[in-house]
Every structure is written in C-alpha cells, then in structure tokens.
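# Coordinate inspection notes
As a plain string of letters, each chain reads:
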Amino acid sequence: MTKTSAAALLACAALLVPAGSLRAAGAAPAPTLPFPLIERFEHFGPEQGLPAWKVHCVLADGGRVWVGTTKGLAVLEGKTFRVIGTEQGLSHSVVTSLAIDPATGDLWAGTLRGLNRISAGKVEAFTQTNSGLPNNVVYSVAVGKDAVWAATAAGVGRRDSKTGSWSLYDATNTLMHEPWAYAVTLSPEKLYVGVWAGGIVEQDLARGTWKEYRDPDGEFELDLAPDDGPVSDISSWAAWEDGILWQATYFGVARYDGTRWKTYLEKKTPLVSNFVNFIAAKGRVAWICTDRGLTVTDGASWATYKGAEGGGGTLEITRPGARSEKRRTATAMSNDFVLGASLTANEVWLATSHGLTRGVFAGTPPSERTHTQGAPK
Amino acid sequence: MKPGVSLAVAGACLLAAPACRRQTPPPAGSLVIAQRPAFPAASVHPRSALDARCPQGSRVVLALPPLGPANVHVLSKGLAAAGEPVVAPDGLRAVFAGKRAPGDAWQIWEVSLGGGEPHALTSMPGGAATPALLADGSVVFASPVPAPGGGWFPKNPSALWALAPGGTAPKRLTWGAASAADPTVLRDGRILFVSAMPPEASPRVSLFTIYNDGSGVSPYACQHDGAGEISHPRELSDGRIAFVSLVSGPARTAIAEAVLPSRPWTSRQKLAPEAPPVLRDPAWVEVESAPAGPREKPMGRISTLNAAKTSGVIFCIDADHTTMEARTHAERIRILAAGDGGMVRALGEVPVKADGSFMAEVPSDVALGFEALDADGTVVRRVAPSIWVRPGENRGCIGCHEPHGLAPRNRRPLAVKEPPAAVGLAAPAKAAKSS
Amino acid sequence: MNAKAVAAAAAGVLLALGARVGARDHMLRMSGRKDLTGVKNCLTCHFRPASVAELPWSKPRPHHPAPGGLAVSPDGGRLYVALDDVDEVAEVDTATRAVLRKAKVAGGPTGLALDASGRRLYVTCRSADRVAALDTATLKEVETAAVGTAPIGVAWIAGTGAGRLVVANSGSDDVSVLSASPLASVGLLAAGRDPYAVAAAPGGGAAVVNRMANLARGDEVPAAEVTVVDPAAVRVVSREKLESGHLSEGIGAVPGRPWALAPILKVRNLVPITHAAQGWVVSSGVAVCDLAKGSVVELPLDEANAYFADPSGIAIEPAGKRAFIASSGANVVTVVDLARLARWLDTAGEDARRGAIDDLQLSAEYVVARIPTGSNPRQVALSPDGRTLWVAERLQDSVLAVDTSTLEPAGRVVLGDGGNDDPIRRGERVFTRAATTFQGQFSCRSCHPDGHVDGLAYDFDIDGVGRNIVDNRNLQGLAGTEPFKWTGLNPSLRVQCGPRFAKVLTRSDPFGEKDLDDLDAFIFSMPPTRSPSAGPWTEAQKRGRDLFFATKTPEGREIPYGSRCSTCHRPPLYTDRLPADVGTKGPLDDTGRFDTPHLLGVASSAPFLHDGRAATLEEIWTVWNPKDEHGITSGMNKIQLNDLVEYLKRL
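Remember, predicted model here, so these are calculated numbers, not experimental data.

Once that is clear, we can look at the overall build of chain A. The helix and strand inventory of chain A stands at 2 helices and 30 strands. Restricting to contacts in chain A with at least 6 residues of sequence separation, those with at least 24 account for 45%.

This is the structure we're talking about:
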C-alpha cells in the first residue's frame, strides 16, 4: 500500500483542532484525538459511473482513486470513472484487493481469478495457469521493495520484481497452518500473512525464516485470555504500519507492536463489531472496517461511524478515561458493511457493500471539501 | 498505331537500360531492332493486328556498333515478316514473332545472336505472337493472334501460353473471358499483360499480372485512369511501366505513356520525349529496339500448383470491402463461371461469415465471377467472370472489387477456420494434403 | 551357387534382419516410444555431439568491427561508434572520417548516448547487463552500473541533477532509469516485449520502442508498444499501441511536434500466406505516435511493387523537417518529408488514418528519396547541424556519411575489411538481405530478429488454407538439433532453407548453393538464447532439475521411461530429435506428431508448443497437458511446477 507521507500526517494532525471545535460552545476543550474526524460523507454508485454497487476495495493514489467492484476495476480520475474490466484484459470482474508499487506507480489488483498489473493503462494478468501464482483466488496483495506478494486460497505467492520468478509459500514449506491466506502485509523487514484458521505467520525477509503467531487459547470465537496473542486464528485481514501490526478477524481485532499483543472486542471496547473485514493502518491508527460500521482507533481513543435510522448517521467518540460522546451526523456511509478503506490527507475512501463513500475530514480546505461527482445523501 | 510511339517505349527502355557488364558476342552497344519497310511492296489486307504492325517485309536485325544502316545482321533470315523481338537475359539469343510465308500464321521463332538461322518454336493454331522470356528460359506468348476488330471478348479469346525450354507442348496460363495479349516479363518475375474487364460492350483495357504459372491474376494499372486501347507494355530500367496508348476519338492518336510501379493506379502520364530512330535508315522504320547485351535476369518462382487437381481454393477476407456503390452486407456469394458462347453459369453459393469472409473450392482454369447476395437473395454486387484459379492454387483476396494497391488487414478470416465449401466441383472436394 | 554360398547368404539375410529387429527394439526402448515406425537412421541418436563444446556455436569464430550504436558529439567533430562484436567503442574524426581512438568496453557495447556537454558517453553493454560511462576526454571507462538483461538503447535525458539515463533492457522486458552521475539505478519499469530503442521525448520524457509485439493468443491481433517514461518520476506515463507492429528497432522525437516516430514492420501473421505480393506477409512502415493526443497512425514506407524491408534506425533533423529511416534489409535509407506527412495527416479522415498502413500507394505522399547504402544499414545518426547523416553499415564494417543537402554519399568510415572471407559473416548478409524475397518484402531477419523468434504463429497455405498454423521457431542454438520444421520433415538446414522455403514463403528464386553454405555457417554459429537466469543455482532450480530428471513422481510412482522429461528432451541439447505426440493436435492440425524442440534458452522464446498456444511455460502443463501426454505433470503441485519452470529458465 502507499504510505502516508510525513506531510500528509501533519495535515491530519492539523485537523484535530477543527475536529475538537465541533463540540458545543462553552464546553471544556476535549483532548485532541490522534486521528481526524469525518465531517461529511459523499456517495458514489453506478449513477456516477461505478460499474457496480458492491465495492470490495478502494485505494487512493495521488489524484486517482482505484475502486475494485464486483464488475471490474474503476478509476476515478478528475471527474469521471474509467472502468477497466475483463474486456480490457482484467482476469476477472470481481476485484478483491489493490496495492500500488511505490517504485513504479503500477497498480496490482487481486481478483477471484488471478492477479493483475495495471501499468499506464496496460493490463497484464497473472493466473495460476499462466504463471507461478499459487491460486487464482487472490484475497490480498502487497508490494515490497523487490517483490509482489499475493495471498491466495492456496498459499502466498511472491513474484520477484526483477526476474519475474515466482516462489510459493504454503503449509508444505512454511509454518503456515494451512494454505488459505487472507492477507499479506509488509514491514521493511517482515512479511506478515493473515492465515485463515492459522493466525499470523511472519517471515524474516532477510533470513527467510518463519514464525507463527497463533491464538493461545485456541478458541476461534472467544478470546479467553486477552492480550495473549492473536485474538483468533481466523485472520480476515492484516495491516502493518509504523511498527504496529493489526490483525483483523471475524471475532475481534488484535494489535502487535513487535513485543506485545493487545486484543479488542466489541463487548469490551468501543469497537463497533467483532466482524472485521479490513483494516487500513495509517500511522499508529487503525481504520477498522466492519459489518456494522467503521471504527477508528489507536487503541486508546475511538471513533465509530454508523448509519442511523431515519437517515444520516451517528458518530460515537470515546476518549481515554472519558465517557463516550455520541453525535448525530447529517450524512453517513453508503452502507455500514464496510469492506475497505484508503486514506489521503483530507479524506478517507470507503468500500462498502452498497457503493463507494468518500469521508471528508473536518478542516478540509473548502476547495477540496466537495468532490465534483459525489453527492451527499 | 504509330511506329514511332512503340519506338518511344522501346527507346526509353534503351536509354534507361543498364550498361553491359561483360563483353560477349554480340558486343556491347549492340541492339536488336524490329524494322518495317518504309515503302512496303504491296498493300495486303492485314489478317491480324500483328500484320498491321509488322507488314510483309518486316524484319528483326542485330545492329552492331558503330550503329548504322550498314552494320546490321538480319536475324529473321528467310522469313516473310518478323517483329516483336525479345533478347534473352544472357544476351545469347532472341525470340520473336515471325512467319515464313505471307499467308502463314504468326509463330514464335528463336535465333542465336551469334549467328545462324532462326527456327520456329511454336506451331499454334491461330498463330502466336508477342513473345516474352521467363527466368527459366520459358517463352511466354499470346495465342491465337487476334483478328483486327475482333474486340476483347471474341468467341475464341487470345490467351497466354508458356513453352518450357526444349519443350514442345505449350501450357496455357490465362483463362479469362477476355483476350490476354502483349505479355512482358517484369523483373520481379511476374508476367505483365494487357486484357480487359467487362462490360463487354465497353471493355476497359488495362494491365494485369500473373505469376509464371498463370496463378495470381491481378490488376496492375490503368483500370480506372484512362480509356481506350493500350498495348505493348514494357518495364523500363528505372522501374516505370511504359506502354502504348491509343487515345479514343476520330484521330485515334497513339501515345507513349507510363506508370510508376510505386503507385501504378495514380501515376499514369505521357512518356516523353519520343526516342529518335537509332539507325536512321530511310528504307526502314524502326518499330522497336532493345539492347542485345546481357541484362538482369528476372526473379524466378517455384510454382505451387498441383497438376493433378482440377480445382483451386479462393478465400476472401471481406466480401463487403468494395469500391462498388452498393455496400449492403453480403450474406452469401454466388460463384459464376464463364460458359461457352459467352454464357455465364452459376456454380453454386457459399455463405459469408460474420466478418465478411468466405472460402470456396472452385473449378480451376475457368473464368470466375461473383455475385454478392443479401439476406433476401437479391444480388447487391456483381463481378462478371474475369479471374480464375489454377489447379491447386490457393487464391487470397482482400475484398470483392476492393480499392487497388491495398495490403490486407491483419485479421484471421473466420472462413479459413473451416474447410472450403465445394462449389461447382464434379465430386466433393478432398481435404488438402500436406505436400 | 553352392550350398555354402546359399547358407552364407541366408545367414547374412538373417543377420541383417536380426540387426534390423534389434535396432528397432533398441530404438523403441531407448526412445521410450512405441509409435515410431521404421528404424530411424542410427545417426539420429548416435555419433551426436556428446557435449555442446563440440557444436559450432561453442567454437571460436571471427569477430568483426560491426558498427552498432552511433553518437555524434555536440560540436559535430566526433562520431562515436559502438563495436559490440569486438568489445570496443571507436572515436572518429568526422572531418577526416578517420578512427582516432578505440576504447575497450567489455560486454558487447551496443547503444550510445552523450550528455549535453559531450563529456560523458554512456554505453549499454548487451552481454554484460550493464551501462558504462566513458569520459570522452580520455575515452576511458569511469563508471558502471548494472541494469536489466541485454540492454540495447539508451538516452540521456536532461532535467534531474546531471540528467538521467533511460535504458531499454531487451532481455528482461523492462526499462532501467539511472542517475547519469553518479551512475546508479533509480528504478526499473515494466516495458513491452523486447524494449530496444530510446529517444528523448518532449517535456523531459523518454520514449522506448519495443521490438516485438506482445504475446497474442489465438486470433488476437498482436501489438507492440511505445513505452513513454517520465524518468524524473520513474513512472510509465503512457503506452502507445503499435497494432501488428514488430521489429521496431528505432525511435526518434520530432522537434517542434509532439511526435515520436518508430519504424515498424507491419506483420500480417493472421492472414493465410497464399502469396507475397500486396504486402501479404509483412510491409514496412513508420508509426507516428502523437504523445500529446495519445494516438498512433501507422504509415507505409513501402510501395505497391517494392518493399524496403526491416526498417531499423531513425534519425530526425534538428529542425524537424525530415526523417531518415534505415531499411536494413533493403540497403536503403528512406527520406521522409515530415511537413508533407503532417499535411497528409491533417487532411486525412479517421478511416484513412486507420487504414493508411495498408495503402501501398500512399508513401509517395511523403517519401521523397531513397539513399542506397552498404550492407545492412541499422543505426543512423545526424550531426547536430543536420548536415551529415551517419549510417552504420553493419555487415560491411563501415559507416556511411551522407550529405543531407544533396542526399549523396560524402565518404565512409572504414572500420574493418567487411569480413568477406568469413562464411559466418557472409551468411549473416544472406540472412538479412531481402532481395531474395519477392519484391524484396522481407528477409530471414524480419521474422527472426537476431535469429530469435518473433513470437508469432503463421499459416502457410501449402498444406491447406487455414490449416496447420505453426509458431515461429528459434534459430539460436540450432546446431545439432536437426531435423527441422515442426513436423521434423526437413533433415537439414539446407533443405529447410532451400527450394521449399522459396516455394512456401519467399515466392521467389531459392537461395543459391553458396548462399546456403554461408547461411548454414551463420545459423549454426548462433549460440542458444541467453537464459534469463544466471548466477548460483537457486534451491528452486535444483528442485526443478530433480523433477526434470525424475524417474518417479513426487508420490513415488514410477514414471514410464517414455514419459520422463529427459527421455525426449535429452541433454546436452535437450532433444532426442524425434517427433512426438504430446496431445496437442488441434482441429486445424493434420498431425499430432511434432518435432521435439531443444530447450536451451527456451524460457526466452515464448510462446510455446507447435502453434504457440502456450503463452508461458506454465501453460504447457496447466492448460495443455490434461492427459499427462507431455510428461506426468497432473500430480505436481504448484510449488513443483514452479520449480520445474525455474529449472527450464536455467537452461
């Protein structure tokens, strides 16, 4: 994934003041949040040129927004969406995951039938039959310094960016409990693989050695001993940023700082749902996409966005040691079933099961506050 | 036809010819010249166009340097009339049209430039004329010699024939409904000749090519850029194709014209200036002349025909690619064949694929025409019988009467994914065998 | 005849029969095949080279100072010539046309580029996968940097620091971006197939033309591309499609216009080859890439009855008025008037522009001259003032100087003796000469650049229109692998390239005996295509090697002798030179028995199988071996298959 530039982080930090200023007049200033708040939501669907309502993944890259849907890949350039589908060479219409190669600007798109490289408009498909890709069902893709990694239904594939050679990692040659890999994410030194029913598997990139992180209590659905490791062995996503690994599961979230694990459950924290589809890590903050809304946290402060009955939505903010503060918002996400997120300095793009949503951060300059295509609902 | 015009064409050949590269008999600078008497002995009613061009007394001579009337050797010794000489690339022999007695039919004769008597190569019924030489030494000629005023679609059209070196049985090369005349061999090995396209009432006379085995008949030039008769095409050493054009009208003026091979359909222009006579002999009119020395041999070609077959295959990439006004999509193609007495018969129909392509196995050595039919079976475009395929020939076409000078688009025609439809064959076509 | 004689004769007959039966049994056993009919010649297998060291391509051959890349100093006083075959770069005084100095540059110096000052000369070294920087004051190498595989073209682009280099890596299908000083890689970008030449493009960009069309499947129309790169951002900006374009070896930007011009060979591989006239097989052209509009118009350089085969290098006048394109197969430089070309483009409708390349009468609109040259003109360069055109006459070891005002020769730089005594050199001339094709339409090199493949499949009509479509085969590393042709019917190269070739393809006189001798010498001198994998063996390659030579499946089942990889693909050439049916007979094929190709350099020679249906090595087994007729592979897991592929990349 693209990394947030230092400038972008500073810009996010600068938004904290306006975010706090939303509080009612006369109240004591609340402690600043370690993440920006979303001021309003805009929506994009087929009317705006998306090929489908269901959006699996989204990736903002510079001035462009790549959107993976059930009916192809769309890219928002300026005011319009351009669709790259199977007719343009995409290996399958259902796009599951996206990653940008920071060295080349090429986009990698995982689909339910292969991995695709989109480079200056050219689509090159890698499938399990025409390449060393382990399996056609690609859940996640990550680009490292010298290789592209793909998590597939039959292991992790690594394509060497220079030689084009593939290496395959699965239960036969790693500690991986089983080959069904849901997520790959990279730190400068490590590869982390989110394995279905196998926790997290880590590879030391320099040494090639493997390490496994499993839920010590062995319970998929319960976290009997908190903070003892991955919250569950059922990894649905993994994201690494700024020294922190986030594990998403359908039974909660775990955070690993390289030394200690911390687990988060909806019953014990403001996490909106244990059913987590995706986590976008930015700095030390996780944007947690669940089946019932979006929760943003650094592990201490929390904000959750949900839709509200009768229109609009709610924002619930929980600061360390303080009671939750719940607000009504005029706009909400297109749908609370959130499948992906991607952040820029002024906004977060959200993939939902019913449309693409742009969340505009409070304090965003007026010139960038309204996207020309997106219409608030 | 003015002899001077033909001389202009031939003279242009001479002026543009490469210098002789070796000293062999005849010496460098020698010419083979066709002459006609400036003062014919008697006026004889010409039995053929060739009689008019080469009346009794016409002869073929070898002129040696220094060129002059006194330094000529008659090559057509003993013949009543001779003309249309062509020198072999090795510069050692020449072939020409001649007749021993005034009442004889014209035939093709061969003579050594080193001396000796000419001998007849052919004994074609109806005569033979306008010889040309292929790379392998075969003599190409037209037969029968057309009668004056017979038109381009006579009952017995003139065809081109080839006689292999040492052979006695010429093989027919052209099978069009119109006469084929005046062959000449291009440096690329093709035979350039004059023929006509229908309608028969007002035929368009133009230049065509075939390969050395009669396959690949194609338009070369003059199909759409002029009117009237043309004859005597020759390839100049700079590549231009010169020919004699008889301009229509009361005066029926003959002029020399040429086209550029680079764009033969858009470059027709008058060839100037007319070349002066070489020998300046008042007793003789020079009809044409050619260097007697060696010249570059034309390119050869190995025939792909199969003499055991009686059919060929024709495929068209897009039957809707046409210059004809009606652009209606063709659903089927009806293939026509020229029959006896100018009759046209339908051989059968072949479906057109969605991309406009079709492929059929058709009888060989018969003039073929095409009718494009729409979904209702109505004829929307028609090309009268004019082209042919030779036995075993595979003929590829870009369209049906498509613009000239095109290369094909790089597409695999749908029609070639299936065996060709047999049309007009006596028995079902057999699958092609690997050779 | 007495009884003894009869007995002896009978014994002889029996012995002969026994030997024949024994030989047949031996052959069937050793080949692992039961479908071979008749005893093949013993020489098919025996008395073959025991090692590749015995093959012609392993033996020393004469080297020639064949000019490759050219560069002219900013003051016009010096011409630099890359001499890849002798590992040298020559410096020439343009006034006297004398060679002043030569620098030894290891690794096949091929492409040249000067920085704006002319103080630094950058040299791609094709066989060493590096770029060298030479100080032009001393003509010494001062820096080197690794790039992708087999770099060819290089351009220096101003704008970032001391400028950047953009290098076309022909073997790895990518483009290296380097800082010019210090010389160091800053990025590697995916290109098309066989990126070959680079030119500075308007706005600080670089245009890279790819020599080969991208792999096309079935009836898909192949297309090459011009990869437009932003070297400052290290990004591919755009990819301009050259439909049916191939053998593009040059590119040039047009001053004053947003154009990049790339000579192309327009292939028509999808059309059954029933003849050669009308550009039926290929024709030459130039692609006008409008980088501002992102549009491409392909225009012909040929004429209705004459072809100017294998357009290669291109140079464009500083004023942008004329382009000079070397037709390497025709020994001609074609002069294009760009103003006339622009006028035609301005007035032509969309349909005319789209169909322009197929209009063989069109070139008269803008082609204003054809300049004859020596043998195989490949690269061209103009002096900065545009007055002198330099033409590398590659196969006669000279560089022709042309006065661009008169378009007449103005002298030659003589680099060597032309190598007329070397049959390999003479054979390469035959290989690159289009004159032996009908109307000079193409040469052997047209479809076999560097003796390699063009990645295209063709339909020769000799066995039926539309039938038996065959993939182009690699000529590199061919020695010792006869018979030839996918059917294996041609026992020798002389037969392969003889009258049959003329009948089926060139539609002209066949090569003469002398030419065939020389052609043999040249083709057999070519070593196998470079393997994409070098360096120490990886674990995957070792595992793949074990699989290749395995006698048991990974599950422990015995692999029948005839189904082992190494039975048919027997070292050292990895072919048993026998036809085999590996279950790939298609509906348009007359037979399923095809020659067993050698595997040296196989990974660089996609596509695969007799009709090119397998775009990658993987597809040979994942798609086209459902019944285990091409080795027992259905039981292999993906790791094993990847390992096998890694091993093949090593060969």
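Turning next to the overall build of chain C. Scanning chain C for helices and strands turns up 12 helices and 33 strands. On C-alpha atoms alone, chain C measures out to a radius of gyration of 26 Å, which is about the 26 Å that the 2.2 N^0.38 rule sets for 651 residues. Reported as C-alpha extents along the three principal axes, the dimensions of chain C are approximately 95 × 50 × 50 Å. The buried share among the 651 residues of chain C stands at 57%. The long-range share in chain C, meaning contacts at least 24 apart out of those at least 6 apart in sequence, stands at 55%.

Further remarks concern the interface of chain C and chain A. If you look at the interface, chain C gives 23 residues, while chain A gives 24 residues. Broken down by secondary-structure element, the contributors of at least two residues to the side of chain C that touches chain A are strand 12 (184–190), strand 16 (235–243), helix 11 (617–622) and helix 12 (638–648) of chain C. Here the side of chain C that touches chain A is composed, by residue class, of 12 nonpolar, 5 polar and 6 charged.

This part takes up the sheet that holds strand 7 (residues 119–120) of chain B. All names here are of chain B. Spatially, 4-5-6-7 is the arrangement adopted by the 4 strands of the open sheet, whose pairing is antiparallel. Whereas interior strands pair on both sides, the edge strands pair on one side only; in this sheet they are strand 4 (81–87) and strand 7. Of the strand pairs in this sheet, strand 5 (residues 93–99) and strand 6 (residues 107–112) are connected by 6 bridges, and their pairing is antiparallel. Each residue of the ladder has a partner; that of Gly 98, found in strand 6, is Gln 107.

This part covers helix 4 (residues 423–432) of chain C. Counted residue by residue, helix 4 of chain C has 9 buried out of 10 residues, so it is predominantly covered. Those residues of helix 4 of chain C hidden inside the fold are in contact with helix 5 (444–447) and helix 8 (513–525) of chain C.

We now examine the environment of Ser48(B). Residue and element names in this part refer to chain B. Position of Ser 48 among the secondary structure elements: in the loop between strand 1 (31–37) and helix 2 (49–53). On the basis of neighbour count, Ser 48 is assigned to the buried category, with 20 C-beta atoms found within 10 Å. In this view, Ser 48 contacts Trp 106, Gly 127, Val 145, Pro 146, Ala 147 and Pro 148; residues no more than four positions away in its chain are not counted.

Listed per partner, the contact involves 41 residues of chain C and 34 residues of chain B. Residue contributions to the side of chain C that touches chain B peak at 3 residues, all from helix 7 (residues 499–506) of chain C. Each residue belonging to the side of chain C that touches chain B can be placed in one class, and the counts come to 16 nonpolar, 13 polar and 12 charged.

This part covers helix 9 (residues 539–548) of chain C. For an α-helix the count is 3.6 residues per turn, leaving residues at separations of three or four pointing the same way. Within helix 9 of chain C the residues assigned to the buried category are Ala540(C), Gln541(C), Gly544(C) and Phe548(C). Burial along helix 9 of chain C is one-sided: seen end-on, the buried residues are contained in an arc of 95°. Where helix 9 of chain C is buried, its residues meet strand 13 (166–169) of chain A together with helix 10 (565–568) and helix 12 of chain C.

Going from Ser143(B) to Pro144(B), the amide bond is cis rather than trans, its omega being -5°. Tracing the chain through its elements places Pro144(B) in the loop between strand 9 (139–143) and strand 10 (159–163). That bond from Ala606(C) to Pro607(C) is cis: its omega, 5°, falls within 30 degrees of zero. Summarising the element assignment, Pro607(C) is placed in the loop between strand 33 (593–595) and helix 11. One non-glycine residue, Asn376(C), adopts positive backbone phi at about 60°. Here Asn376(C) shows up in the loop between strand 25 (367–372) and strand 26 (377–382). Even without being a glycine, Leu609(C) presents a positive backbone phi close to 70°. You can see Leu609(C) is positioned in the loop between strand 33 and helix 11.

Residue and element names in this part refer to chain C. Spatially, 4 strands are ordered 5-6-7-8 in an open sheet, and the strand pairing comes out antiparallel. Since the sheet does not close on itself, it has two edges, and those belong to strand 5 (109–114) and strand 8 (140–146), each with one partner. Each strand axis lies, on average, 25° off the axis of its neighbour in the sheet, ignoring direction.

Here the focus is the pairing of strand 26 of chain C. Residues and elements named next belong to chain C. Here strand 26 lies mainly inside the structure; 6 of its 6 residues are buried. Sheet topology places strand 26 next to strand 27 (residues 388–393); 4 bridges connect them, and they run antiparallel. Along strand 27, the bridge assignment pairs Ala 381 with Trp 390. With antiparallel pairing between neighbouring strands as the criterion, strand 26 and strand 27 make up a hairpin whose turn holds 5 residues, including Gly 386 at a positive phi of roughly 75°.

Further remarks concern the arrangement of the chains. With 2 pairs of chains in contact overall, the contact-richest pair is chains B and C. At no point do chain A and chain B touch; the closest pair of C-alpha atoms across them sits 19 Å apart.

Summary statistics for chain C give a mean pLDDT of 94 and a share of 98% for residues scoring 70 or more. Scored as a whole, the predicted complex attains pTM 0.92, and scored at its interfaces, ipTM 0.92.

All names here are of chain C. The interhelical angle for the contact between helix 4 and helix 8, taken along N-to-C directions, is 100°, at an axis separation of 7 Å. Considered as vectors, helix 4 and helix 8 are oriented roughly perpendicular to each other. Contact residues: helix 4 offers Pro 423, Ile 424, Arg 426, Gly 427, Glu 428, Val 430 and Phe 431, while helix 8 offers Asp 515, Asp 517, Asp 518, Leu 519, Asp 520, Ala 521, Phe 522, Ile 523 and Ser 525. Residue composition of the contact of helix 4 with helix 8, grouped by class: 8 nonpolar, 2 polar and 6 charged.

Residue and element names in this part refer to chain C. Interaxial distance between helix 9 and helix 12 falls to 7 Å at its minimum, and their mutual angle equals 95°. The orientation of helix 9 with respect to helix 12, classified from their angle, is roughly perpendicular. Counted together, Ala 540, Gln 541, Arg 543, Gly 544, Arg 545, Leu 547 and Phe 548 of helix 9 and Gln 640, Asn 642, Asp 643, Leu 644, Val 645, Glu 646 and Tyr 647 of helix 12 form the full contact between these two elements. Here the contact of helix 9 with helix 12 is built from residues that sort into 6 nonpolar, 4 polar and 4 charged.

Cut-offs and rules
- Residues numbered from 1 in each chain as written.
- Chains lettered and ligands numbered in written order.
- Predicted model: local features only at pLDDT ≥ 70, side-chain atom pairs only at ≥ 80, totals over all residues.
- Helix = DSSP H or I, 4+ residues; strand = E, 2+ residues; numbered from the N terminus.
- Contact = placed C-beta atoms within 7 Å.
- Rg over C-alpha atoms; globule rule 2.2 N^0.38 Å.
- Buried ≥ 20, exposed ≤ 12 C-beta atoms within 10 Å, placed from the backbone.
- Nonpolar A, V, L, I, M, F, W, Y, C, P; charged D, E, K, R; others polar.
- Pairing = 2+ DSSP bridges.
- Arc of directions from axis to C-beta.
- Axes fitted to C-alpha atoms, helices over the stretch in contact; angles between N-to-C directions.
- pLDDT = per-residue confidence, 0-100.
- Parallel < 35°, antiparallel > 145°, perpendicular 65-115°, else oblique.

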